[in-house]
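# Fold and geometry: a report
Next come the chains, spelled out residue by residue.
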Amino acid sequence: MRVAVATFDLAMLRTGWAVGTLDDDTFKPGWGSFLPTMGTDKESDTMSRFRALLGSLHQRYNLSHLIYEHIFIDHSPNRHEYNGPEAQFMMAGILHEFGGTHGIHVSKVPVATWRALIYGTCKTPPEHRVSKKATSDFWKDKAIQWARERNYSPISFHDEAEALAMLHWGLSLLDASFAARTGPIFRRAELQQMNKEFRGE
């Protein structure tokens, strides 16, 4: 079966997406950002455009899998906010409807699960646990650094980088050879060799 995966970092204000196939040894993913229609009562227009995005990706890549990050709802006091999760759940619904209509497998992945495989850890360093913002900024910077190390350019937002990371996670689970070529251990060895060549060793 041909494997073509699209991944989504769903968010109210900007959703990152990435898409890739295993057609050949040269992995060349695509990625971008989806922005909502701003203004009151614009949900229907936003969801219509989101479904159109899925349609264009499916037409181009003949998708086999859709993956999105598990939606987190913050229940801590004074932080619960409805609008963000509402938009995410709406888009998740579109993903499931589109997948069901076109025979595409749809799944969600907890953020800690894909981070553990892609970064080698899902634990925030102690110095970045001082606040929610510090923790969030650490992982945003981590995603962008990871993407740039793989020459994914241009990366405009962390949402795109995280969608690319999820794409690697999904393809690694679906194809063992992809995991061997792109996993953290291989990448560390690859970077060490590049550094040696740069130094002329």
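Higher on the page you've got the structure.
Here goes a summary of the coordinates provided. (Residues numbered from 1 in each chain as written. Predicted model: local features only at pLDDT ≥ 70, side-chain atom pairs only at ≥ 80, totals over all residues. Heavy atoms only, no water.)

## Description of the pattern of salt bridges
When the charged atoms of two side chains lie near each other, side chains of opposite charge can form a pair. For clarity, the cut-off: Each reported salt bridge corresponds to a side-chain nitrogen of Lys or Arg within 4 Å of a carboxyl oxygen of Asp or Glu. Each helix is a run of DSSP H or I of at least 4 residues and each strand a run of E of at least 2, with the numbering of both proceeding from the N terminus.
In this structure the tally under the stated criterion is six salt bridges. For the salt bridge of Asp45 with Arg49, the shortest nitrogen-to-oxygen distance reads 3.6 Å. Linking Asp45 with Arg49, this pair stays in helix α1 (residues 43–61), spanning four residues, or about one helical turn.

## Observations concerning the side chain of Asp9
Applied cut-off: With a 1.4 Å probe rolled over the protein chains alone, any residue whose accessible area is under 20% of its type maximum counts as buried; one over 50% counts as exposed, and the rest are partly exposed. Lys and Arg are tallied as positive, Asp and Glu as negative. Neither His nor the chain termini are counted.
Mapping Asp9 onto the fold places it in strand β1 (residues 4–9). Buried charge without a salt bridge: Asp9, with Arg115 as the nearest opposite-charge side chain at an N-O distance of 7.8 Å.

## Topic: the sheet that holds strand β4 (residues 65–69)
What counts is decided by this rule: Two strands pair under a simple rule: DSSP has to find at least two bridges between them. For helices, the axis comes from a line fit to the C-alpha atoms of the stretch in contact; other axes are also lines fit to C-alpha atoms, and the angle between any two N-to-C directions lies between 0 and 180 degrees. Residues are treated as being in contact if the distance between any of their heavy atoms lies within 4.5 Å.
Taken in spatial order, the five strands of this open sheet run β3-β2-β1-β4-β5, and their pairing is mixed. Of all strands in the sheet, those bounded by a partner on one side alone are β3 (30–34) and β5 (105–109). When the angles between neighbouring strand axes are averaged without regard to direction, this sheet yields 20°. Taken together, the four bridges between β1 and β4 define a ladder with parallel strand orientation. Pairing of Ala6 across the sheet is with Leu66, part of β4. Against the sheet, helix α5 (residues 158–174) touches β1, β2 (15–21), β3, β4 and β5, its axis set at about 140° to β1.

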